[in-house]
Amino acid sequence: AQSVTQLGSHVSVSEGALVLLRCNYSSSVPPYLFWYVQYPNQGLQLLLKYTSAATLVKGINGFEAEFKKSETSFHLTKPSAHMSDAAEYFCAVTSGGSGGYQKVTFGTGTKLQVIP
Amino acid sequence: SQTIHQWPATLVQPVGSPLSLECTVEGTSNPNLYWYRQAAGRGLQLLFYSVGIGQISSEVPQNLSASRPQDRQFILSSKKLLLSDSGFYLCAWSVLTGAFFGQGTRLTVV
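Below: a short report on this structure. (Residues numbered from 1 in each chain as written. Chains lettered and ligands numbered in written order. Predicted model: local features only at pLDDT ≥ 70, side-chain atom pairs only at ≥ 80, totals over all residues. Heavy atoms only, no water.)

Observations concerning the pattern of salt bridges
Residue and element names in this part refer to chain A. By the definition in use, this model includes 4 salt bridges over all chains. The partner of Asp85 in a salt bridge is Lys78, and the shortest N-O contact between them spans 2.8 Å. Each member of the pair Asp85 and Lys78 is classed as buried. (Salt bridge = Lys/Arg side-chain N within 4 Å of Asp/Glu carboxyl O. Buried < 20%, exposed > 50% of the residue type's maximum accessible area, 1.4 Å probe, protein only.)

Re the interface of chain B and chain A
Reports of interface size often rely on the accessible area that becomes lost once the parts have come together. Taken residue by residue, the interface counts 23 residues in chain B and 25 residues in chain A. The contact between chain B and chain A buries some 1,800 Å² in all, and 57% of this surface belongs to carbon and sulfur atoms. There are 3 residue pairs in polar contact (both at pLDDT 80 or more) connecting chain B and chain A. When residues of the side of chain B that touches chain A are traced back to their parent elements, those giving at least two are strand S4 (32–38), strand S5 (44–52), strand S9 (87–95) and strand S10 (98–101) of chain B. (Contact = heavy atoms within 4.5 Å. Buried area = accessible area lost by both parts, 1.4 Å probe. Polar contact = N/O pair within 3.5 Å; in protein donor to acceptor, adjacent residues only side chain to side chain. Helix = DSSP H or I, 4+ residues; strand = E, 2+ residues; numbered from the N terminus.)

Details of the pairing of strand S3 (residues 19–26) of chain B
Residues and elements named next belong to chain B. The pairing of strand S1 (residues 3–7) with S3 spans 5 bridges and is antiparallel. Each bridged residue has a counterpart across the sheet, and for His5 the counterpart in S3 is Thr24. Examined bridge by bridge, S3 and strand S8 (residues 73–78) share 6 bridges and lie antiparallel to one another. Its bridge partner being in S8, Thr24 is matched across the sheet by Gln73. (Pairing = 2+ DSSP bridges.)

Thoughts on the packing of aromatic side chains
Aromatic ring pairs are defined here through the distance separating the ring centres and the angle between the ring planes. The final tally for this structure, using the stated rule, is 13 aromatic pairs over all chains. The interplanar angle of 15° and the centroid separation of 4.1 Å between the aromatic rings of Tyr50 of chain A and Phe67 of chain A together place this pair among those described as stacked. Taken together, the positions of Tyr50 of chain A in strand S5 (residues 44–50) and Phe67 of chain A in strand S7 (residues 64–68) put the pair 17 residues apart, joining distant regions of the chain. You'll find Tyr50 of chain A and Phe67 of chain A in the same group, each marked buried. Grouping aromatic residues by their ring pairs yields a cluster made of Phe34, Tyr36 and Phe106 of chain A together with Tyr34, Tyr36 and Phe101 of chain B. (Phe/Tyr/Trp six-rings, centres within 6.5 Å; stacked < 30°, edge-to-face > 60°.)

This is the structure:
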């Protein structure tokens with residue numbers, strides 16, 4: 001079984017401030033982890049992914065995340081928030097399943113507000 | 001490159017009417033396909049997944065059904081919509097290294 005917990009359904013930061021969105025996972029097998037961003041009335045766009053290579057993963061739009069196995073965490077960060085970062089962010093986990101099925105499990109999302 | 005198409009983008013339907021949402025994938029074969037529903041404040045709920053033609057698994061009991069008549073086509077249906085079926089529906093396909101989403105359908109049942 002696998003699960004994802006995102007701490008904080010809403011996060012507010014000032015423009016230029018550090019962005020930190022928290023994600024903890026649970027998986028019985030080595031996980032693949034993802035962060036997605038969703039703008040209003042749009043589908044989800046992949047920001048970055050961890051697939052068992054480097055533990056510090058860089059993604060689009062200046063975001064990065066670090067896989068910490070000891071803490072079962074995959075927090076998303078960005079050094080300086082921009083107004084265009086305001087969106088909803090989803091953490092997700094997947095692992096190989098039988099018959100080629102890879103179930104992707106999502107967290108409940110964190111809405112990021114950027115204050116000018 | 002792989003692309004995923006989902007339509008319509010928005011839909012307003014009366015209670016009791018039928019529903020058909022279609023999703024097609026290009027640029028890949030034998031994809032794993034998914035239908036998710038996103039309700040306000042409830043995150044993404046997996047409704048159905050399919051690992052091949054005619055192979056559909058349901059994650060939660062509900063008023064909806066899914067079909068996969070072709071390798072790259074996934075359809076979400078209902079015979080009679082309920083008010084509670086309103087939401088944002090997302091089709092996706094996946095490989096082990098990630099899932100890729102359509103642009104979604106905003107369904108409002110009135």
